[in-house]
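# Examining the three-dimensional arrangement
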Amino acid sequence: MKKLYLTFACCLFLTATLYSQSREYKIWQFPKDQLPVIDGNTDDWKNIPESYIITIDDMKEDEGKHARPNTSTLDISVKVGWCAGLNRLYFLYEAYDNYWRFSKNTLSTDIFEVVVDGDCSGGPFIDRFHPDPKADVWERWFNFHGCHAQNYHIFTPPHKEDWCMLWGPQVWLKEKPYADYAYNYSFKEGESGKLILEFYISPFDHADAAGPEKSIPSILQENYYIGLSWAVIDYDADQEDKDGFWNLSDEHTMYGNASYLHQMRLMPLQSKLE
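Below, the structure is looked at part by part. This one's a predicted model, so the numbers in the text were calculated from it and none came from an experiment.

Moving on: the packing of aromatic side chains. Applying the stated criterion to the full structure yields 22 aromatic pairs. Ring centres 6.3 Å apart and planes at 75° place the aromatic pair phenylalanine 112 and phenylalanine 199 in the edge-to-face group. Taken together, the residues phenylalanine 112 in strand β6 (residues 111-117) and phenylalanine 199 in strand β10 (residues 193-201) connect sequence positions 87 residues apart. Phenylalanine 199 shares its class with phenylalanine 112; the two are buried. Members of the aromatic cluster, connected to one another through ring pairs, are Phe91, Tyr93, Phe112, Trp163, Tyr181, Tyr183, Phe199 and Trp230. Over the ring of tyrosine 52 we find lysine 26; its NZ or CZ atom is 4.6 Å from the centre of that ring. One cation-aromatic arrangement involves arginine 88 over tyrosine 200; the distance from NZ or CZ to the ring centre is 4.1 Å.

This is the structure we're talking about:
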């Protein structure tokens, strides 16, 4: 029995080492009768303690353009929630920007990039990081890219009818019932202002290009950890060069390697913590 405990402890240590971090990131558990309505309203999130909130002060601009955040030009606040028995991660993203760029249907616009690894399996998951560089290009795209971890380039605000680019062939992931979203903003292109984005996504241990029927959803459980990080890609007046790439992860390439995501704990209900 002692050997079993030691083995389990070693696994926990190795996992924690793989996902090194300076603080514990927590994901709020919503009771089933208090799930947030995806309507762009923040009222459903008011009871979440401040210790759960992740801000731009927890992020760094990792392309060398800014030494520290300046909240007068860009300010960010993120809350993440889950509910036992549902394969969903809920997000409330609030951002102030002094210049919003979103009118052109390209990736050279303001983006909230979210990467999730539902079972903390780690490792590369995009085609260019495939462990076998000689593998067929279509094999890498359809059978590797976005399969064990997923990357969402979420447009802020949306591009006409499209709310995000799901980076991979599993485009069904950004549609209901696997995702839903709502925006709340009043600014125009080039103006300053605050944006509220409320959405949920569904993590998969294996997301198949052929569809959900051939995929394996992640099982979210209390006190377990998932791999999760995000970046904010900020464009201002210069559409040829971004103003910043603000990253929650310590590694720029977290966008394609799940080993560089943070571990985030799926917290018990607040009543259990009191």
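The side chains of a regular strand alternate between both faces of the sheet. Most of β6 is tucked away: seven of the seven residues are buried. Both faces of β6 are covered, namely the face carrying Ile111, Glu113, Val115 and Asp117 and the face carrying Phe112, Val114 and Val116. Here six bridges tie β6 to strand β7 (residues 150-159), and the two strands are oriented antiparallel to one another. Opposite valine 114, over in β7, you have tyrosine 152 as the bridge partner. The pairing of β6 with strand β13 (residues 225-234) spans seven bridges and is antiparallel. The residue of β13 that forms the bridge with aspartate 117 is glycine 227.

Let's shift gears to empty space enclosed by the protein. A full pass over the atoms with the stated rule returns two cavities of 30 Å³ or more. Put simply, the largest cavity is a space of about 40 Å³. Leu74, Tyr93, Ala95, Asp97, Trp100, Asp110, Thr156, Val232, Ile233 and Asp234 are the residues that line the largest cavity. Of the residues that constitute the lining of the largest cavity, the class distribution is six nonpolar, one polar and three charged. Of the volumes computed, that of the second largest cavity is approximately 30 Å³. Forming the walls of the second largest cavity are Arg101, Phe102, Ser103, Lys104, Thr106, Ser108, Thr109, Glu189 and Gln239. Residue composition of the lining of the second largest cavity, by class: one nonpolar, five polar and three charged.

Attention shifts here to the state of the cysteines. Taken as a whole and judged by the stated rule, the model has zero disulfides. Looking at the unpaired cysteine 83, the closest cysteine sulfur is the one in cysteine 120, lying at 20 Å. Residue classification places cysteine 83 among the buried positions, given a relative accessible area of 1%.

The omega torsion across threonine 156 and proline 157 is -5°, close enough to zero to call that bond cis. Residue lysine 176 is joined to proline 177 through a cis peptide bond whose omega torsion reads 5°. The phi dihedral of lysine 160 is positive, around 55°, even though this residue is not glycine. Residue placement: lysine 160 occurs in the loop between β7 and β8 (162-166). Classification of lysine 160 by relative accessible area gives exposed; the value is 78%. One non-glycine residue, asparagine 223, lies in positive phi territory at about 70°. For asparagine 223, the location among the structural elements is in the loop between β12 (216-217) and β13. The partly exposed category is assigned to asparagine 223, whose relative accessible area is 35%.

What counts, and at which threshold
- Residues numbered from 1 in each chain as written.
- Predicted model: local features only at pLDDT ≥ 70, side-chain atom pairs only at ≥ 80, totals over all residues.
- Heavy atoms only, no water.
- Phe/Tyr/Trp six-rings, centres within 6.5 Å; stacked < 30°, edge-to-face > 60°.
- Helix = DSSP H or I, 4+ residues; strand = E, 2+ residues; numbered from the N terminus.
- Buried < 20%, exposed > 50% of the residue type's maximum accessible area, 1.4 Å probe, protein only.
- Lys NZ or Arg CZ within 6 Å of the ring centre and 35° of its normal.
- Pairing = 2+ DSSP bridges.
- 1 Å grid on protein atoms, 1.4 Å probe; cavity = no way out; pocket = protein on both sides within 12 Å on 5 of 7 lines; lining within 4 Å.
- Points joined across faces, edges and corners; volume = space filled by probe spheres on them.
- Nonpolar A, V, L, I, M, F, W, Y, C, P; charged D, E, K, R; others polar.
- Disulfide = S-S within 2.5 Å.

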